[in-house]
Amino acid sequence: MPIKVQIPQAMRQHADNQASVDLAGASVKEVLDNLGAKFPNIVGRIFENGQLRRFVNIYLNDEDIRYLDNLQSATKDGDVLSIIPAVAGV
Amino acid sequence: MSDFVRGLKCRLCGKAYPKKPLNYCEDDFGPLEVDYDYDAIREVVNRGKIELRPFNMWRYRELLPIDGEPTVGPLVGGTPLVRADRLAEALGVQKLWVKNDAVNFPTLSFKDRVVSVALSKAREFGFDTVGCASTGNLANSVAANAAQAGLKSYIFVPHDLEQAKILNTIVYGANLVGIKGTYDDVNRLCSQIADRYNWGLVNVNLRPFYAEGSKSFGFEIAEQLGWRTPQHVVSPMAGGSLIGKIHKAFHELYKVGLIDREPKCKIYGAQATGCNPITAGLKAGSDSHRPVRKPNTIAKSLAIGDPADGYFAIKVMKETGGWGEDVSDAEIADAMLLLARTEGIFAETAGGVTLAVTKKLIEQGRIPRDEEIVICITGNGLKTQDAIANVVERHAVIRPNIDDFAAVLEGGRREPALV
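Residues numbered from 1 in each chain as written. Chains lettered and ligands numbered in written order. Predicted model: local features only at pLDDT ≥ 70, side-chain atom pairs only at ≥ 80, totals over all residues.

Caption draft 1: The arrangement of the overall build of chain A in detail. Looking only at helices and strands, one finds two helices and seven strands in chain A. If you list the helices and strands of chain A from N to C, you get β-β-α-α-β-β-β-β-β. Scaling as 2.2 N^0.38, a compact globule of 90 residues should have a C-alpha radius of gyration of about 12 Å, and chain A matches this with 12 Å. Each principal axis of the C-alpha distribution contributes one length, and for chain A these read about 30 × 30 × 25 Å. Residues counted as buried form 34% of the 90 residues belonging to chain A. Once local pairs closer than 6 in sequence are excluded, the contacts in chain A between residues at least 24 apart make up 51%. (Helix = DSSP H or I, 4+ residues; strand = E, 2+ residues; numbered from the N terminus. Rg over C-alpha atoms; globule rule 2.2 N^0.38 Å. Buried ≥ 20, exposed ≤ 12 C-beta atoms within 10 Å, placed from the backbone. Contact = placed C-beta atoms within 7 Å.)

Caption draft 2: Here's a closer look at the domain arrangement of chain B. Taken domain by domain, chain B comprises domain 1 (1-36), domain 2 (81-107 + 214-389) and domain 3 (113-210). Relative to domain 2 of chain B, the C-alpha centre of domain 1 of chain B lies at a distance of 27 Å. (Domains from an automatic or database assignment.)

Caption draft 3: Region of interest: the sheet that holds strand 7 (residues 152-158) of chain B. Residue and element names in this part refer to chain B. Strand order across the open sheet formed by four strands is 8-7-6-9, with parallel pairing between neighbours. A single partner strand is all that each edge strand has here, and the edge strands are strand 8 (175-179) and strand 9 (200-201). Where strand 6 (residues 129-133) meets strand 7, five bridges bridge the pair, whose relative direction is parallel. Each bridged residue has a counterpart across the sheet, and for T129 the counterpart in strand 7 is K152. (Pairing = 2+ DSSP bridges.)

Caption draft 4: Region of the structure containing the packing of helix 5 (residues 137-149) of chain B against helix 6 (residues 163-170) of chain B. Residues and elements named next belong to chain B. With their axes 8 Å apart at the nearest point, helix 5 and helix 6 run at an angle of 15 degrees to one another. In this view, helix 5 runs roughly parallel relative to helix 6, as classed from their interaxial angle. In the packing of helix 5 onto helix 6, the handedness of the crossing is left-handed. Contacts between helix 5 and helix 6 involve A139, N140 and A143 on the former and, on the latter, K165, N168 and T169. Of the residues in the contact of helix 5 with helix 6, the class split is two nonpolar, three polar and one charged. (Axes fitted to C-alpha atoms, helices over the stretch in contact; angles between N-to-C directions. Parallel < 35°, antiparallel > 145°, perpendicular 65-115°, else oblique. Left-handed = near helix turned anticlockwise from the far one by under 90°. Nonpolar A, V, L, I, M, F, W, Y, C, P; charged D, E, K, R; others polar.)

The structure is reproduced here in structure tokens:
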């Protein structure tokens, strides 16, 4: 079972209009690299100089990866990875 | 009335978008902000015209992002700017004011300002259901204003909120959902909800418009001081948006010719030590906030560990020459009592945070004692009574007997709670 990556609405135009994509990878970084390989237009929108952009949050099974091991956080089959804009809230 | 909004613009890359319910840039995920035609506004506004209008937030409507007349919250704002001489004496300063949104209408917090804009906008966009992620005050305001506007509402809060804030949401008939997690968990869920359902979530997809409502807090301060800005403003920080909007408000007034001198106001941000992502980032010299996974403070309305505007809040504090500080729960409770006992204003815990931080900044010498200071009170103490229930004195209970009362007087049963 692969890892399910959830794509936010405004980015789906760069991902064949899919709300989620199933990908392989042993870490968050590997999964996102595989996402970028499949949909090259997504890479620059999430990353800047190899770092996650300031207003991009990545969640691994409902936990912010900054509280785990960031991009190196280990992933396993069945995990859900969500790309979520950070610009929300009070 | 004509509309002076050109559209939305990314705060990072400047990419332009039409007016629509969207909060982030498709290219870099940067926040979108309302883009106004200030030259056109300058042509049509002047002090005399504004002063003839009713004293509420909509007297500055040319600088607020709605088409035509507001349809939700037409009476919001217009709260007192109190000259606080007794509090000034207690703090050892000369010129002090309290901007008191604890009495904002209808739900006793500054959130009514942002919600009236957001829900007026929700109607323009044709939403029949609205909602929010909230630490309480926003929940109350969305619930009440949605009820009055005849909109359905779904409101998401951390499950362990103060009882008063829960009741003050359900009473208006809102669909309230408690989330087992922190505010940041609630917020993340709401971004996913906005993605899936076609609702107007005030602080998600309506956020660019919503946030503009906060500017009216700053417009009022300037007008109430006689169309000028103070030297220092101290504001609480939760998501970190308000201090930026106060700063923006002052500069917009100058830009459109409503104040004569370019604002030189220093802006200070206040947080609780139990949830201090922004002040910790600032004090560490970082340009970004330091996320707090598990906030732990009595100031629940400020308990946001990953504030959306942390980056911009730090920028505003640095660029204006202000600063930021954080205070303990004990200092927060003491400051709530101090404000109540010097000025007769019962602020919520966030107000205690702001006053305690002001005191600290004065003691540190960061705010000079002889300059003008405005403290921002954004919510009402009746909603956070639990926080001070154990701090205030027990009152005497006696028989209806004059000697019993004389004994109370002589006994000096009151124990001072102020340190």
